[in-house]
Amino acid sequence: MEKINAIITGVGGYVPDYILTNEELARMVDTSDEWITTRVGIKERRILTEEGLGTSYMARKAAKQVIQKTGVDPDSIDALIVTTTTPDYKFPSTASIVIGKLGLKNAFAFDLEAACCGFLYSLDIAASMIQSGRYKKIIVVGADKMSSLIDYTDRQTCVLFGDGAGAVLVEATTEENVGVQNSFLRTDGKGLPFLHMKAGGSVCPPSHFTVDHRLHYLYQEGRTVFRYAVTSMSKDILEIMQMNGLSDQDVNWVVPHEANLRIIEAVAKHAGISLDKVMINIERYGNTSAATIPLAVWDNEERFRKGDNVIFTAFGAGFVHGASYYKWAYDGASAVANK
Ligand code: ACO
């Protein structure tokens, strides 16, 4: 049997219209554009402000765009994975809501939660499903409405996050030497004390007490998260390069999870990768959790050439991390020109 490879054949994205600037944040909490820019490199982030709209709204927009751009027959799609930490509801899954709105008649859908690593995990799972020969077309969406769990009175966290969604279509091909080449995913289980939301889950369900004590917001120990993120992502880049005999010269692009600019710069430095090979858009969107990698790919699609060696890496709550070596499968500039 011919080997089946899993390739990304198109990219979609969506960010809400509302732009929350550093200047506006400085009117809400004791911070400044200068502090935010130098410490995390973020200038603005998008916020989904319309009442009644959640993550599925952004996920649907991104998925719809990838369907339109690729011209794929919606009835031929086998599965839809939405990876998110901010689902519309505890149940049903956000993916089931998206699939209903998109009207994908022959697909099944599920959510995957791996915090900021969600896209990396989902791409790997979609690729494995395709390589098994059972599925041919899968849409993977990374989407998060981080503003729904951010305390906008807490200057340590509110400056970091934004809302958005990115989507890719993953398809089967028998063309050799393109697509997902290799990957590894890790979950070390040490992250709970350092990054979590205290209430709202089964350990501490919502109550007057949890609301009164502001326990429904993201909590983090920033310095510890910073240290783990830099160590994990830089080691993971080096490990995937070593596993595949890649030198820094062989790598065309690194697409890291965009947590903040200082983390990205330190990761590139430790991994010996020149910053001009690192796709960065944190300045405009902030940390959109599961959406950062697909949004960076969406933003930079025209820069990819067929055959480019791309490394995806991410780190998130749990702690979860890993890396994937991907060989780009189409000319991004033509795809953008034809859109
Ligand atoms: N504006 C002004 N001052 C601030 C702000 C702010 N927004 N936030 C914190 N400060 C103050 C602190 O109160 C502290 O003041 P003090 O010295 O008077 O006590 C001072 O700045 C230094 O605080 P630190 O926490 O030591 O600052 P640090 O340099 O570590 O930067 C930051 C904090 C940006 C959160 C950093 O630790 C970091 O980037 N951590 C990673 C967090 C992250 O990216 N999380 C995302 C989720 S996980 C992921 O996506 C990988």
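It should be emphasised that the depicted structure is a prediction, and the values quoted were computed from it without experimental measurement.

Another aspect to go through is the overall build of the chain. Helices and strands together make up the secondary structure of the chain, namely 12 helices and 13 strands. A globule of 339 residues ought to have a C-alpha radius of gyration of about 20 Å, and the chain, at 19 Å, matches this closely. Overall size of the chain, expressed as C-alpha extent along the three principal axes, is 60 × 45 × 40 Å. Taking all 339 residues of the chain together, the buried fraction comes to 54%. At a minimum sequence separation of 6, the contacts of the chain that also span at least 24 residues come to 76%. For the chain, the centre of its 34 positive side-chain charges and the centre of its 40 negative side-chain charges are spaced 1 Å apart.

This brings us to helix α3 (residues 55-70). Here α3 spans 23 Å end to end across 16 residues, near enough to the 22 Å set by a 1.5 Å rise per residue. Within the sequence span of α3, burial applies to Thr-55, Ser-56, Tyr-57, Met-58, Ala-59, Ala-62, Ala-63, Val-66 and Ile-67. Residues of α3 that are buried make contact with β1 (5-14), α4 (94-102), β6 (137-145) and β7 (163-173). Just beyond α3, the residue with positive phi is Gly-71, at close to 70°.

Here we come to the side chain of Ser-147. With respect to the helices, strands and loops of the structure, Ser-147 is situated in the loop between β6 and α6 (155-158). The class for Ser-147 is buried, based on a relative accessible area of 14%. Not counting chain neighbours up to four residues away, the residues in contact with Ser-147 comprise Ile-47, Tyr-152 and Asp-163.

Attention now goes to the site of the ligand. As a structural note, the neighbourhood of the ligand is formed by 23 residues, with Thr-31, Arg-39, Gln-220, Arg-223 and Asn-260 the closest of them. Arg-223 places a polar side-chain atom, nitrogen or oxygen, 2.8 Å from an oxygen atom of the ligand. Within the side chain of Asn-260, one N or O atom sits 2.5 Å away from an oxygen atom of the ligand. Taking 1000 Å² as the accessible area of the ligand by itself, protein coverage stands at 78%. Elements that contribute at least two residues to the shell around the ligand include exactly α2 (33-40), α6, α8 (222-243) and α9 (261-271). Its residues assigned to classes, the shell around the ligand comprises 11 nonpolar, seven polar and five charged. Composition of the shell around the ligand by domain shows at least three residues from each of domain 1 (5-179) and domain 2 (180-338).

Our focus in this paragraph is the domain arrangement of the chain. Here the chain is described as being made up of domain 1 (5-179) and domain 2 (180-338). For domain 1 versus domain 2, the distance between C-alpha centres works out to 13 Å. Residue-level contacts link 57 residues of domain 1 with 52 residues of domain 2. Both faces combined, the contact of domain 1 with domain 2 buries some 4300 Å², and carbon together with sulfur accounts for 62% of it. Contributing elements (two or more residues each) for the side of domain 1 that touches domain 2: β1, α2, β3 (44-47), α3, α5 (118-131), β6, α6 and β7.

On to the environment of Ala-314. The residue Ala-314 is located in strand β12 (residues 309-316) in this model. Linking Ala-314 and Leu-120, residues 194 residues apart in sequence, is a C-alpha distance of 6.8 Å. If we ignore the near neighbours within four places in the chain, the residues touching Ala-314 are Cys-116, Cys-117, Leu-120, Met-233, His-257, Ile-293, Val-320, His-321 and Gly-322.

Right, let's get into the packing of aromatic side chains. Per the stated rule, a full pass over the model turns up 12 aromatic pairs. Ring centres 6.4 Å apart and planes at 75° place the aromatic pair Trp-253 and Phe-304 in the edge-to-face group. Placement of the pair is Trp-253 in strand β11 (residues 253-256) and Phe-304 in the loop between α11 (292-299) and β12, with a sequence separation of 51 residues. Side by side, Trp-253 and Phe-304 carry an identical accessibility label, which is buried. Ring centres 6.0 Å apart and planes at 50° place the aromatic pair Phe-312 and Tyr-326 in the tilted group.

Thresholds, definitions, all that
Residues numbered from 1 in each chain as written. Predicted model: local features only at pLDDT ≥ 70, side-chain atom pairs only at ≥ 80, totals over all residues. Heavy atoms only, no water. Helix = DSSP H or I, 4+ residues; strand = E, 2+ residues; numbered from the N terminus. Rg over C-alpha atoms; globule rule 2.2 N^0.38 Å. Buried < 20%, exposed > 50% of the residue type's maximum accessible area, 1.4 Å probe, protein only. Contact = heavy atoms within 4.5 Å. Lys, Arg positive; Asp, Glu negative; His and termini not counted. Charge placed at Lys NZ, Arg CZ, Asp CG, Glu CD. Expected span 1.5 Å × (residues − 1). Near = heavy atom within 4 Å. Polar contact = N/O pair within 3.5 Å; in protein donor to acceptor, adjacent residues only side chain to side chain. Areas by Shrake-Rupley, 256 points an atom, 1.4 Å probe, with all protein chains shown as cover. Nonpolar A, V, L, I, M, F, W, Y, C, P; charged D, E, K, R; others polar. Domains from an automatic or database assignment. Buried area = accessible area lost by both parts, 1.4 Å probe. Phe/Tyr/Trp six-rings, centres within 6.5 Å; stacked < 30°, edge-to-face > 60°.

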